[in-house]
Amino acid sequence: KKALLVGPDAGTPAPKPELPAKDAAKACFAAAVEMDKSAAPDEAVKLYERARAADPAAYGKTAARRLAVMYDQLGDFSKSAAEYEAALKLN
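This one's a predicted model, so the numbers in the text were calculated from it and none came from an experiment. Each chain carries its own residue numbering, running from 1 in the direction its sequence is written. Reporting in this predicted model follows two pLDDT cut-offs: at least 70 for local features of residues, and 80 or more for side-chain atom pairs to be given and counted; totals over whole chains, interfaces and linings ignore these cut-offs and use all residues. Working from all heavy atoms in the structure, the side-chain values ignore hydrogens and water.

1. Section: the side chain of D55
- Within the secondary structure, D55 sits in the loop between helix 2 (41-54) and helix 3 (56-74).
- Think of it in three bands: residues with accessible area under 20% of the maximum for their type are buried, residues over 50% are exposed, and the middle band is partly exposed, with areas taken using a 1.4 Å probe on protein chains only. Exposure remark for D55: the relative accessible area of 9% places this residue in the buried category.
- In this analysis, two residues are considered to be in contact whenever any of their non-hydrogen atoms come within 4.5 Å of each other. Beyond its immediate stretch of four places on either side in the chain, D55 contacts K22, A25 and G60. Think of it this way: any DSSP run of H or I at least four residues long counts as a helix, any run of E at least two long counts as a strand, and we number them from the N terminus.

Structure below.
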């Protein structure tokens, strides 16, 4: 890792650059699908939510539908119902 060379934080590792929102959403959604397949529902939920937050136009409908199913599987029926409602409104 490169270190910052000047300023009050000199010598500390440089911060990692952030991805543009669309790229971050795409990466989060792809990771969520993999977590969903590998039976890691808590991680999948977090990643679907991050994908939707980063790019709602691209992932809003699909994330709402997947989150509704995931919350059902996790037994959180109030969140599941809210996601089903969101999915219906988006369709």
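2. Structural notes on helix 4 (residues 77-90)
- Multiplying 1.5 Å by the residue count of a helix minus one yields the expected span of that helix. Relative to the 20 Å expected for 14 residues at 1.5 Å per residue, helix 4 spans 20 Å between its end C-alpha atoms, a close match to the ideal helical length.
- Buried within helix 4 we find S80, E83 and A87. Buried residues in helix 4, looked at end-on, bunch into an arc of 65°, giving them a common side. For helix 4, exposure combined with an orientation more than 90 degrees from the buried face picks out S78, L88 and K89. By construction, the arc corresponds to the directions joining the helix axis to the C-beta atoms.

3. A short note on the nonpolar core
- The criterion is simple. A nonpolar core is a set of buried Ala, Val, Leu, Ile, Met, Phe, Trp, Tyr and Cys residues joined through side-chain atoms within 4.5 Å. With 13 residues, the main nonpolar core has F29, V45, Y48, A51, Y59, L67 and M70 as its most contacted residues.
- Setting aside chain neighbours within four positions, we find M70 in contact with D36, P41, A44, V45 and Y48.

4. A short note on the pattern of salt bridges
- The term salt bridge refers to a side-chain nitrogen of Lys or Arg lying within 4 Å of a carboxyl oxygen of Asp or Glu. As enumerated under the stated definition, the model contains 5 salt bridges in all.
- Ionic pairing is found between D55 and K22, a salt bridge with its closest N-O pair at 3.5 Å. Highlighted residues: D55 in the loop between helix 2 and helix 3 and K22 in helix 1 (residues 21-37), separated in sequence by 33 residues.
- In this structure, E34 and K37 form a salt bridge, with 3.6 Å as the shortest nitrogen-oxygen distance.

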